[in-house]
Amino acid sequence: MSDASFNASTVTAKGYADEASFGDYFALLKPRVMSLVVFTALVGLLAAPVSVNPVVGFCAILFIAIGGGASGALNMWWDADIDKVMKRTKGRPIPSGKVEPGEAMALGLALSGMSVIMLALATNIFAGAFLAFTIFFYVVIYTMWLKRLTPQNIVIGGAAGAFPPVIGWVAATGSMSLEPWLMFALTFMWTPPHFWALALFMRTDYDDAGVPMLTVTHGRRATRVHILIYTALLAILAVGTAFSGIGGPVYLTVALVLNALFLRGAWRISRRTEEDAEADNFKVERGFFKLSLLYLFLHFGAILVEALLKPFGLGGWS
Amino acid sequence: MSLRKSHELHHRRFSRNLGVGLTLAAFIVIIFGLTIAKVSSSSFTGPAVEVQN
């Protein structure tokens, strides 16, 4: 009797060791990506030339973040097969066996619907429709259709990640203008060099998963050249933004410094051979990737500073 | 028999249930706050009152 009960408890403990916790469901929402969504959407909302009730503004950012998280869950549901193969993603809740794919899909769909409806009710229908389009674009156009089809997958995925500041702006104003699209273009052009640098030093991951990353389809030399071209175009755009309605002296200073550093990094990456990179364990590529994180954060931070200075008559060029 | 009989499942899923409970409670607070913010704004207009003859 005692033996039987001992065995039963052992089996039970072993059988439920991998049971999902609340944190595993939260991890389906890709909290790190969500933090970028929250920050850029907040900048979009605060840079808009209208005042927003703080509670409404908070709700708008929350629902945009939930919408972003929902698309992350749907992405994990669809990509569970390749996540299982890649080193970087094999610890995610579905490949690690903690959450069933169907659960992730249900959570993603439920949160998508909830976030879109709530954003439309909290702000305006235009913002809700924009969020719905962003989720559709990321999940259907990028994840389901083009990610496994074209080496330009990162460029397309970058578009989905670039929408939050536009949604934030639309949530505040209910209308559209050039400035949110400059913020969109900043994130859009930043994404390819950011991810291609990652692909250079996460060498076999995408290859093993069969994802047509540029490093796999066109080779590592072509990827290095692509990083330089995109960084040069990004620099023109980022510095040019300084002279728009969301720019100003603070932004211009930040943009000049960061783009000089970013261009220098991209130039060094383009000049390196694989032997150089292997010799120092991709030091330059890793450094460029880290700088890219700071690059986007500080550009949006500078836009935010300009917006926050405006009530005191200091922000912008006036 | 006690209505509050504890099961192994209750202990095992405590953190998950607590997380869901707190999330739902936070959602209620947010919706309440949003409603107050909306009806307090100057642009808010209530539904037209129909006069019954």
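Residues numbered from 1 in each chain as written. Chains lettered and ligands numbered in written order. Predicted model: local features only at pLDDT ≥ 70, side-chain atom pairs only at ≥ 80, totals over all residues.

What follows deals with the overall build of chain A. When you go through chain A residue by residue, the secondary structure sums to 16 helices and zero strands. The globule rule puts the C-alpha radius of gyration for 318 residues at 20 Å, and the 22 Å found for chain A is close to it. Burial analysis of chain A (318 residues in total) assigns 46% to the buried set. Considering only contacts in chain A between residues 6 or more positions apart, those separated by 24 or more positions represent 73%. (Helix = DSSP H or I, 4+ residues; strand = E, 2+ residues; numbered from the N terminus. Rg over C-alpha atoms; globule rule 2.2 N^0.38 Å. Buried ≥ 20, exposed ≤ 12 C-beta atoms within 10 Å, placed from the backbone. Contact = placed C-beta atoms within 7 Å.)

Attention shifts here to the interface of chain A and chain B. How big an interface is tends to be stated in terms of accessible area lost as the parts join. Taken together, the 10 residues of chain A in the interface contact nine residues of chain B. Looking at the side of chain A that touches chain B element by element, the count peaks at four residues for helix α4 (residues 54–78) of chain A. Looking at the side of chain A that touches chain B residue by residue, the classes come out as seven nonpolar, two polar and one charged. (Nonpolar A, V, L, I, M, F, W, Y, C, P; charged D, E, K, R; others polar.)

Residue and element names in this part refer to chain A. Its 24 residues give helix α10 (residues 178–201) an end-to-end C-alpha distance of 36 Å, which sits within 8% of 34 Å, the value for a rise of 1.5 Å per residue. Of all bends in α10, the biggest is about 25 degrees, found at threonine 191, and the proline proline 192 comes one to four residues later. With 20 of 24 residues buried, α10 is to be regarded as a mostly interior element. (Expected span 1.5 Å × (residues − 1). Bend = angle between axes of the 7 residues up to and from the residue.)

Further remarks concern unusual backbone geometry. For residues other than glycine, phi is negative in most cases, and the peptide bonds are mostly trans. Residues and elements named next belong to chain A. In this structure, lysine 30 takes a positive phi of about 50 degrees despite not being glycine. Note on placement: lysine 30 falls in the loop between α2 (22–27) and α3 (31–47). Phi is positive for phenylalanine 282, which is not a glycine, with a value near 60 degrees. Inspection of the secondary structure assignment puts phenylalanine 282 in the loop between α15 (274–279) and α16 (283–309). Judged by the 21 C-beta atoms lying within 10 Å of it, phenylalanine 282 falls in the buried class.

Moving on, we get to the confidence of the model for chain B. In the predicted model, chain B carries a mean pLDDT of 84, and 85% of its residues have values of at least 70. Two numbers describe this predicted complex: its pTM, 0.88, and its ipTM, 0.79. (pLDDT = per-residue confidence, 0-100.)

With their axes 9 Å apart at the nearest point, α4 of chain A and helix α2 (residues 14–40) of chain B run at an angle of 135 degrees to one another. Classified by the angle between their axes, α4 of chain A and α2 of chain B sit oblique to one another. Crossing hand, α4 of chain A versus α2 of chain B: left-handed. Seen from α4 of chain A, the contacting residues are Val55, Val56, Cys59 and Leu62 of chain A; seen from α2 of chain B, they are Ile30, Gly33, Leu34 and Ala37 of chain B. Across the contact of α4 of chain A with α2 of chain B, the residue classes tally to seven nonpolar, one polar and no charged. (Axes fitted to C-alpha atoms, helices over the stretch in contact; angles between N-to-C directions. Parallel < 35°, antiparallel > 145°, perpendicular 65-115°, else oblique. Left-handed = near helix turned anticlockwise from the far one by under 90°.)

Another point: the packing of α4 of chain A against helix α7 (residues 125–146) of chain A. Residue and element names in this part refer to chain A. Packing of α4 against α7 leaves a shortest axis separation of 10 Å and a crossing angle of 20 degrees. As summarised for this structure, α4 and α7 are arranged roughly parallel, according to the angle between their axes. Both α4 and α7 take part in a crossing whose hand is right-handed. Touching Ile64, Gly67, Ala70, Ser71, Leu74, Asn75 and Trp78 of α4 are Leu131, Thr134, Ile135, Tyr138, Val139, Thr143 and Met144, all from α7. Each residue belonging to the contact of α4 with α7 can be placed in one class, and the counts come to nine nonpolar, five polar and no charged.

Here α4 of chain A is 25 residues long and its end C-alpha atoms lie 36 Å apart, about the 36 Å a rise of 1.5 Å per residue gives. Counting buried residues along α4 of chain A, 20 of its 25 residues qualify, which places the element largely inside the surrounding structure.

Time to look at the environment of glycine 46 of chain B. With respect to the helices and strands, the residue glycine 46 of chain B is situated in the segment after α2. Each C-alpha atom of the pair glycine 46 of chain B and isoleucine 36 of chain B lies 13 Å from the other, and the pair is 10 residues apart in sequence.

Let us now look at the environment of histidine 218 of chain A. Residue and element names in this part refer to chain A. By secondary structure assignment, the location of histidine 218 is in the loop between α12 (214–217) and α13 (220–241). Residue histidine 218 is classed as partly exposed on the basis of its C-beta count, with 14 C-beta atoms lying within 10 Å. With sequence-adjacent residues up to four places away left out, histidine 218 is seen in contact with Pro151 and Thr223.

Residue and element names in this part refer to chain A. Mapped onto the fold, tyrosine 230 is located in helix α13. According to the C-beta neighbour criterion, tyrosine 230 is buried, with 21 such atoms within 10 Å. Distance in space between the C-alpha atoms of tyrosine 230 and threonine 40 is 21 Å, their sequence separation being 190 residues.

Before going further, it helps to examine the confidence of the model for chain A. Per-residue confidence for chain A gives a mean pLDDT of 91; residues scoring 70 or more make up 94%. Overall, residues 1–14 of chain A carries pLDDT values under 50, and its contacts beyond four positions in sequence, including any with other chains, amount to zero contacts.

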